[in-house]
Amino acid sequence: MKNPTSFSFTSEVERHFHQISGIETITTKIPYVCVDNFPKLGLITALRFLEWVAENPKGVISLPTGKTPEFFIKWTQFMLDNWDNPKGREIREKHGLKIAEKPVLKDLQFVQIDEFYPISSKQKNSFYHYVMNYYIKGFGLNPDNALLINCDEIPLADGKHFSEVFPDSTVDISLRYRESKTRQEELQQKSIFMIDNWCCSYEEKIRQKGGIGFFLGGLGPDGHIAFNTRGSDIYSTTRLTQTNFETQAVAAGDLGGIEVSKNRLVITIGLETITWKPDATAIIIAAGEAKAKVVKDALENTINNLYPATVLSKLRNGRFYITEGAASQLTDSLNRFFKEGPWTHEKNELAVIGLCKKLEKYGHRLVPDDLKQGTYTSLIPDLGDKTVDSVCESIEKKIYKGMKEEENQVFLHTGPHHDDIMLGILPFITNHIRVPSNEFHFTVFTSGFTAVTNKFVIEILEETKDFLDKGQIQMTDFPDFFEQGYKFKNDKDVYHYLTKVAAGDHKQRRRGVCHRVVRALVEIYKIKSKEHLRDVINEVLTILRNSYDGEKNPPKIQRLKGMIREFEEELVWAHYGTQVKNVHHSRLGFYQGDIFTEQPEQERDVAPILKMLKEINPTVVSLTFDPEGSGPDTHYKVLQALAEAIRLWSEEKDLSELRIWGYRNVWYRFNPAEANIIYPVSLEAMAAMNDSFTSCYVSQVDASFPSYAHDGKFSELAQKIWVDQLQELQLLLGKNYFYQNKHPRIRASHGLLFMKEMTVEEFLSSARELKKSMEGMIE
C-alpha cells in the first residue's frame with residue numbers, strides 16, 4: 001500500500017478530524033485518526049459511516065456489538081434525526097460531512113460479525129438480539145437483506161435443537177478429531193460438522209454479496225477483531241471456534257460470569273472475510289491507555305497472526321480511529337510528545353525512565369554516552385552529569401509527598417463501583433485514617449448490582465432459609481422488626497460479621513450476611529411477617545432459577561444485589577473504625593443495568609452529589625481519574641456528574657483550598673511522570689488489602705467478572721500493579737535506594753501506588769472537554 005508517511009486521506013470526514021488532531025506525520029503500517037475521547041470516537045465513526053452510505057446505498061456493512069459502538073449508534077441516530085435542523089447542519093458543516101441529501105439506510109445489506117454458541121436468539125444478551133434491536137430496527141434496515149447468526153436456526157443432527165444436542169451448552173470441538181464414545185457424542189459430532197458446513201455457507205453468501213464493504217470493529221484486550229483472537233490464521237474464514245482467557249473475561253459481563261463464558265464457543269467471521277473485498281473500508285476503534293499496547297502492536301507490525309488487526313494493512317481503506325490514550329505508546333505519539341512544544345521536567349522523567357527500561361540499566365549506571373545516544377534523552381536541554389540525579393530527586397520528592405502526615409482534614413473518597421476505592425488507594429487511605437483529627441467519608445456512586453451473580457444470590461438465599469428454619473435469625477422474632485426494627489443496628493451487623501472474621505468462624509460470617517439480606521428483603525418487598533419473608537425468598541429463588549445467565553434482573557432483585565454490595569463496602573471501611581453512617585450509598589439513577597448506561601442528568605444524578613458535598617464539606621476529594629472516557633463506561637459518566645457537582649459548588653463557595661486526588665486502579669494506570677504523589681506499599685499493606693477483599697467482598701471472591709489481565713481476584717491484580725510500579729522505579733533509583741533507605745516506610749516498601757493531586761480548576765479543565773464532546777446529544 002501507499003507509504004503512510006505521505007498518506008493523504010480521501011474521506012472529507014477523516015481529513016477534517018486528522019487536521020484538527022494536529023498530527024502531521026503518520027509512520028504506522030495502517031493509517032489512523034486520533035481524537036480526544038470515547039464519545040468523539042463515536043462521532044467520527046458515525047460521520048464516516050454516513051459518508052460511506054451516501055456513496056454505497058446498497059452496500060454490505062458489518063457493525064460491532066457490545067459497549068464499543070455505544071456512541072457510534074447514538075451519533076448515527078442523532079444525525080439522522082437532526083439532519084435538516086440547525087444542530088445537525090452545524091455538526092455536518094463543522095466536521096466535514098459534505099453530503100447534501102440525508103443518507104438512506106434501508107437498502108443496506110447487513111452481515112452479523114459473530115455470536116456466542118450456543119445461545120438462544122431470544123436472549124437479550126445474544127448478539128442476534130442486539131443486532132435486531134440496534135441495527136435492523138434502530139437503523140431501519142431490511143431484515144430480508146441481512147445475514148444473521150441465529151443459533152436456534154442452525155441445523156443440527158436429526159433435526160434437533162442445540163438444547164437437546166448440547167444440553168449443558170458445552171460444545172467439545174475435539175470431536176472433530178477423535179472418535180465419539182457415546183450416542184450423545186455421536187450426535188454432537190455430526191452436529192459440529194453440520195455447524196462447520198453452515199459456517200462455510202455463511203462465508204459463501206458474504207462473498208456472493210461482493211464481500212463486506214464497510215466493516216467496523218473494536219479491538220480486544222489480546223488484540224482480537226471480531227472473535228479472531230491472538231494467533232488466528234490471517235486467512236481465516238467464518239468458523240466455530242474457541243476463545244482465550246482475555247476474551248472470556250470481557251465476555252463474562254454479557255454471559256453472567258466467567259464460569260459461563262469460559263465454556264462457550266463462538267461463531268465468527270474470519271480475518272480473510274473482513275479483508276476479502278480489496279476496496280473495503282475497514283475501521284477499528286479503540287479508546288484508552290489500557291488499549292495502548294495492543295494498538296501499537298497492530299499499527300507498527302507487519303501482518304502477523306499474533307496481532308490479528310495487522311491484516312487491515314492489506315486494505316487501502318483500512319483505518320484505526322483511536323483516542324489519545326490508546327495512541328500513547330505509538331512511536332509517532334512519543335516523537336510528538338518529546339519533539340513538539342516546550343521542554344518540561346515531565347519529559348526529563350519519562351525520557352530517563354524510558355532509557356533505563358530500554359537498556360535494562362539502573363539509573364546510577366547510565367553513562368553520558370547512554371544519554372546522548374538515547375532517542376529522547378538526547379533531546380534533554382543542558383544534558384549532563386546532573387540530569388539523572390535531577391530526575392531521581394523529583395521522583396523522591398513525590399515519594400515523600402506521599403508519606404506526608406495529614407491532620408484535621410475531611411476526606412471524601414469516591415468510587416464508581418464497590419471496591420474501586422480499595423483497589424485504587426487503600427494503603428494510602430490507611431496512612432491517614434488512624435489520625436483522630438481526620439474525618440472520613442466514603443461514597444460509591446452506583447449500586448453495583450451487575451457484579452453479583454444469580455448463583456451467589458441463590459446460594460445466600462438458600463442459607464438464609466436454613467438459618468430461619470433453625471431459628472438462628474432471632475431478630476425476626478422481635479415484635480416490631482417488620483415495622484421498624486429492620487432499619488436499626490446496621491453497625492451491629494457489621495461488627496458481628498467482622499468479629500466472626502477475627503474468630504475464623506466461616507458459618508457465622510455467612511449468618512451475618514444473611515442477617516443483612518433479611519433486612520434488605522424486608523425493606524424492598526415491604527415484608528410484614530416471617531411467613532411472608534419465606535414466600536418472598538421462594539419467589540426470588542424461582543425468578544433467578546428460571547433466568548438465563550446474563551439476563552437483566554427485575555428492579556427489586558437489582559436492588560437486593562446492590563444492597564449486598566453496599567454491605568460489603570461497609571465491612572471494608574469498618575476494618576478501620578468507620579461507621580455505617582459515613583459510608584454513603586449514592587445509587588445514581590443513570591446506572592440501570594442496560595447495555596448502554598444512560599447519560600447523567602442534572603436533577604437525578606448531579607443534584608444528590610452536590611447536596612452531599614455541601615453536607616460533608618470535604619477538604620480532600622478522591623476520584624477515579626478517567627478524563628478520556630476509556631475505562632468502564634460508568635467511570636467517565638461518574639466523573640462527568642461529579643465534575644459538574646463540584647463546578648456548581650464552586651459557584652457558591654471558594655474551593656481554592658480543596659484538593660482533588662485522582663487515582664487509577666486495575667483498569668488503567670498512571671505513568672511515574674503523570675503522578676505527583678507516590679506512596680510506598682508494604683507487604684503488610686498488601687496482605688491487609690488481600691485479606692479484607694476476601695473477607696468483605698463475599699460476592700467477588702470467586703472472580704466471576706475478572707479483569708482480562710488476571711485470572712483471579714482483583715486484589716491480586718492491584719498488588720501486581722503496585723509491584724510492577726515499584727520495579728519500574730527501582731530501575732531508576734536502584735534497589736539499594738529502597739532496602740538501605742533511612743526511612744523505615746521506604747525500606748519496607750515492596751510496591752508503589754501512583755496518584756495525581758489537582759486543584760479544582762485543574763480537575764474541571766480535564767473534565768470539560770469530555771462534556772463538550774457529548775453535548776450535541778444531551779442538550
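First, a word on what this report is: a plain description of the structure on this page. (Residues numbered from 1 in each chain as written. Predicted model: local features only at pLDDT ≥ 70, side-chain atom pairs only at ≥ 80, totals over all residues. Heavy atoms only, no water.)

## Brief notes about the overall build of the protein
Stage number 1. Check the secondary structure of the protein and you find 28 helices and 16 strands.
Stage number 2. For a compact globule of 779 residues, the expected C-alpha radius of gyration is about 28 Å, and the protein comes in at 28 Å, within 12% of that figure.
Stage number 3. In terms of its C-alpha atoms, the protein occupies a principal-axis envelope of roughly 75 × 70 × 60 Å.
Stage number 4. Taking all 779 residues of the protein together, the buried fraction comes to 59%.
Stage number 5. With the model as given, the accessible surface of the protein reaches about 32000 Å², and the carbon-plus-sulfur share is 48%.
Stage number 6. One finds the centroid of the 96 positive side-chain charges in the protein at a distance of 1 Å from the centroid of its 106 negative side-chain charges. (Helix = DSSP H or I, 4+ residues; strand = E, 2+ residues; numbered from the N terminus. Rg over C-alpha atoms; globule rule 2.2 N^0.38 Å. Buried < 20%, exposed > 50% of the residue type's maximum accessible area, 1.4 Å probe, protein only. Areas by Shrake-Rupley, 256 points an atom, 1.4 Å probe, with all protein chains shown as cover. Lys, Arg positive; Asp, Glu negative; His and termini not counted. Charge placed at Lys NZ, Arg CZ, Asp CG, Glu CD.)

## Regarding empty space enclosed by the protein
Stage number 1. One pass over the full model with this rule turns up 5 cavities of 30 Å³ or more.
Stage number 2. Considering the residues around the largest cavity, the lining is formed by 13 residues, among which Arg664, Asn665, Ile721, Trp722 and Gln725 are closest to the centre.
Stage number 3. Secondary-structure elements contributing two or more residues to the lining of the largest cavity are helix H16 (420-433), helix H25 (714-733) and strand S16 (749-758).
Stage number 4. It is H25 that contributes the most residues to the lining of the largest cavity, 4 residues altogether.
Stage number 5. Within the lining of the largest cavity, the residues separate by chemical class into 8 nonpolar, 3 polar and 2 charged. (1 Å grid on protein atoms, 1.4 Å probe; cavity = no way out; pocket = protein on both sides within 12 Å on 5 of 7 lines; lining within 4 Å. Points joined across faces, edges and corners; volume = space filled by probe spheres on them. Nonpolar A, V, L, I, M, F, W, Y, C, P; charged D, E, K, R; others polar.)

## Description of the pattern of salt bridges
Stage number 1. As enumerated under the stated definition, the model contains 49 salt bridges in all.
Stage number 2. Put simply, Lys357 and Glu728 hold a salt bridge, and the shortest N to O gap is 3.4 Å. Of this pair, Lys357 sits in helix H13 (residues 345-359) while Glu728 is found in helix H25, placing the two residues 371 residues apart along the sequence.
Stage number 3. For Lys357, a relative accessible area of 45% corresponds to the partly exposed category.
Stage number 4. By relative accessible area, Glu728 is classed as buried at 19%. (Salt bridge = Lys/Arg side-chain N within 4 Å of Asp/Glu carboxyl O.)

## Let's talk about unusual backbone geometry
Stage number 1. Here the bond from Tyr117 into Pro118 is cis, since omega is -5°, no more than 30 degrees from zero.
Stage number 2. With a phi close to 85°, Asp419 is a non-glycine residue in the positive phi region.
Stage number 3. If you trace the backbone, Asp419 turns up in the loop between strand S10 (410-415) and H16.
Stage number 4. The phi dihedral of Lys489 falls on the positive side, at around 65°, and the residue is not glycine.
Stage number 5. By the secondary structure assignment, Lys489 is in the loop between helix H17 (454-469) and helix H18 (490-503).

## Comments concerning the sheet that holds strand S14 (residues 659-663)
Within a sheet, adjacent strands bond to each other through the backbone by hydrogen bonds, running parallel or antiparallel.
Stage number 1. Sheet architecture is open: 7 strands sit in the order S12-S11-S10-S13-S14-S16-S15, paired in mixed fashion. The outermost strands of the open sheet, each flanked by one partner alone, are strand S12 (583-585) and strand S15 (677-682). For this sheet, the mean angle separating the axes of adjacent strands, direction not counted, is 25°.
Stage number 2. Two elements, strand S13 (residues 620-624) and S14, share 5 bridges in a ladder whose sense is parallel. Paired with Val621 across the bridge in S14 is Ile660.
Stage number 3. Sheet strands touched by H25: S15 and S16. Its angle to S16, the strand with the most contacts, is close to 90°. (Pairing = 2+ DSSP bridges. Axes fitted to C-alpha atoms, helices over the stretch in contact; angles between N-to-C directions. Contact = heavy atoms within 4.5 Å.)

## Notes on the packing of H18 against helix H19 (residues 506-525)
Stage number 1. Packing of H18 against H19 brings their axes to within 8 Å, and their N-to-C directions diverge by 165°. By the angle between their axes, H18 is roughly antiparallel relative to H19. Relative to H19, the crossing made by H18 is left-handed. Of the residues in H19, those in contact with Asn490, Asp493, Val494, His496, Tyr497, Lys500 and Val501 of H18 are Gln508, Arg509, Arg511, Gly512, Val513, His515, Arg516 and Arg519. (Parallel < 35°, antiparallel > 145°, perpendicular 65-115°, else oblique. Left-handed = near helix turned anticlockwise from the far one by under 90°.)

## With respect to the pairing of S14
Stage number 1. In terms of burial, S14 is a largely internal element, 5 of the 5 residues being buried.
Stage number 2. Here 4 bridges tie S14 to S16, and the two strands are oriented antiparallel to one another. Paired with Ile660 across the strands is Met758, a residue of S16.

## Details of helix H20 (residues 530-545)
Since the α-helix advances by 3.6 residues per turn, residues separated by three or four positions end up pointing in the same direction.
Stage number 1. For H20, which comprises 16 residues, the first-to-last C-alpha distance of 22 Å matches the rise-based estimate of 22 Å (1.5 Å per residue) to within 8%.
Stage number 2. Buried within H20 are the following residues: Leu533, Val536, Ile537, Val540, Leu541 and Leu544. Looking down the long axis of H20, one finds its buried residues gathered within 135° of arc, a one-sided arrangement. The exposed residues of H20 that point more than 90 degrees off its buried face are Glu531 and Asp535.
Stage number 3. Those residues of H20 that are buried lie in contact with H17, H19 and helix H21 (555-574). (Expected span 1.5 Å × (residues − 1). Arc of directions from axis to C-beta.)

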